[in-house]
Amino acid sequence: MINVFLLLGSNLGDRNAYLQQAITAIENEVAAIIKKSSVYETQSWGKTNLPDYLNQVILLQTDLPAQTVLQKILSIEWAIGRVREEKWGPRIIDIDILFYGDEVIDEPQLQVPHPELHKRRFTLDPLAEIAPDFVHPVLNKKIFQLKDELKDSLIVKKL
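Cut-off values and rules
- Residues numbered from 1 in each chain as written.
- Predicted model: local features only at pLDDT ≥ 70, side-chain atom pairs only at ≥ 80, totals over all residues.
- Heavy atoms only, no water.
- Helix = DSSP H or I, 4+ residues; strand = E, 2+ residues; numbered from the N terminus.
- Contact = heavy atoms within 4.5 Å.
- Buried < 20%, exposed > 50% of the residue type's maximum accessible area, 1.4 Å probe, protein only.
- Phe/Tyr/Trp six-rings, centres within 6.5 Å; stacked < 30°, edge-to-face > 60°.
- Axes fitted to C-alpha atoms, helices over the stretch in contact; angles between N-to-C directions.
- Parallel < 35°, antiparallel > 145°, perpendicular 65-115°, else oblique.
- Left-handed = near helix turned anticlockwise from the far one by under 90°.
- Nonpolar A, V, L, I, M, F, W, Y, C, P; charged D, E, K, R; others polar.
- Expected span 1.5 Å × (residues − 1).
- Arc of directions from axis to C-beta.
- Patch = residues over 30% accessible without salt bridge, like charges linked within 9 Å, V, L, I, M, F, W, Y side chains within 5 Å.
- Areas by Shrake-Rupley, 256 points an atom, 1.4 Å probe, with all protein chains shown as cover.
- Salt bridge = Lys/Arg side-chain N within 4 Å of Asp/Glu carboxyl O.

Draft legend 1. The side chain of T62, seen in detail. Along the chain, T62 falls in strand β4 (residues 53-62). Each residue touching T62, except ones within four places of it in the same chain, is listed here: M1, I2, V4, V30, A31 and V69.

In structure tokens, the structure reads:
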């Protein structure tokens, strides 16, 4: 089984309900969830004039190929109501694959590890909560080290 870390985010409507819908769908359609971080409220990143996000990292174990996991989470996003209109635009739900085991994948539709995760407090704070000693397979640093070196001043608070 492969450890897969996903980042969930929502900044529209009933954000908590959308996160929970995503978690339920992931458990039903992808794999059982092994660990969940706390929920964090985060200032909008990229486009800073948008509503604040709720973010959460989950760990699941699966034997599904990475592309299959991606297709399933894209289907879950669509089923919940995600519409992709603009980069960094507001979203009902966003589900990103952060890590797929220790694999490095560089395909047009899938980059793993997520190429920006080491620069984002809203990703590293919840990830460090559930997997501080996980080693980033490209940067060869533990998650807690990446968090300690982070220069992102975005406000992220644990709820």
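Draft legend 2. Expanded view of the environment of D63. Tracing the sequence through the fold places D63 in the loop between β4 and α2 (66-80). With relative accessibility at 62%, the residue D63 sits in the exposed group. With 62 residues separating them along the chain, D63 and D125 place their C-alpha atoms 27 Å apart.

Draft legend 3. View of the packing of aromatic side chains. Enumeration over the complete set of coordinates arrives at three aromatic pairs. On the numbers, 6.1 Å between centres and 85 degrees between planes, the contact of F5 with F99 is edge-to-face. Here F99 lies in strand β5 (residues 94-100) and F5 lies in strand β1 (residues 2-10), a separation of 94 residues in the sequence. A relative accessible area of 4% means that F5 is categorised as buried. Clustering of aromatic rings is evident, with ring pairs tying together F5, F99 and F134.

Draft legend 4. Representation of the packing of helix α1 (residues 15-29) against α2 within the structure. For the pair α1 and α2, the least separation of the axes is 10 Å and the interaxial angle reads 140 degrees. Classified by the angle between their axes, α1 and α2 sit oblique to one another. Crossing of α1 over α2 shows right-handed handedness. The segment α1 lies against α2, with Y18, Q21, A22, A25, I26 and E29 engaging K72, I76 and I80. Taken together, the residues of the contact of α1 with α2 sort by class into six nonpolar, one polar and two charged.

Draft legend 5. Local environment of the environment of I155. Looking at the secondary structure, you find I155 in the loop between α4 (143-149) and β8 (156-158). In this structure the C-alpha to C-alpha distance between I155 and D106, which are 49 residues apart in sequence, comes to 30 Å. Residues in contact with I155, not counting those within four places in the same chain, are E41, T42 and Q43.

Draft legend 6. Structural detail: α1. The end-to-end C-alpha separation of α1 is 21 Å, in line with the 21 Å expected for 15 residues at 1.5 Å each. Within the span of α1, buried status applies to Y18, L19, A22, I23, A25 and I26. Projected down its long axis, α1 shows its buried positions confined to an angular sector of 165 degrees, all on one face. Check the buried side of α1 and you find it contacts β1, β2 (33-36), β4, α2 and β5.

Draft legend 7. The arrangement of the side chain of S37 in detail. As for its placement among the helices and strands, S37 is situated in the loop between β2 and β3 (40-42). Judged by relative accessible area, which is 4%, S37 ranks as buried. Leave out the neighbours within four places in its chain, and S37 touches Q56, V57, P126, E129 and I130.

Draft legend 8. Structural detail: helix α3 (residues 121-130). Within α3, nine of the 10 residues are buried, which leaves it mostly tucked inside the rest of the structure. Residues R121, F122, T123, L124, D125, P126, L127, A128 and I130 constitute the buried set of α3.

Draft legend 9. Just a nonpolar patch on the surface, in detail. Where nonpolar side chains cluster on the molecular surface, the patch consists of V104, V138 and L139 and spans about 250 Å² of accessible area. Its place among the elements puts L139 in the loop between α3 and α4.

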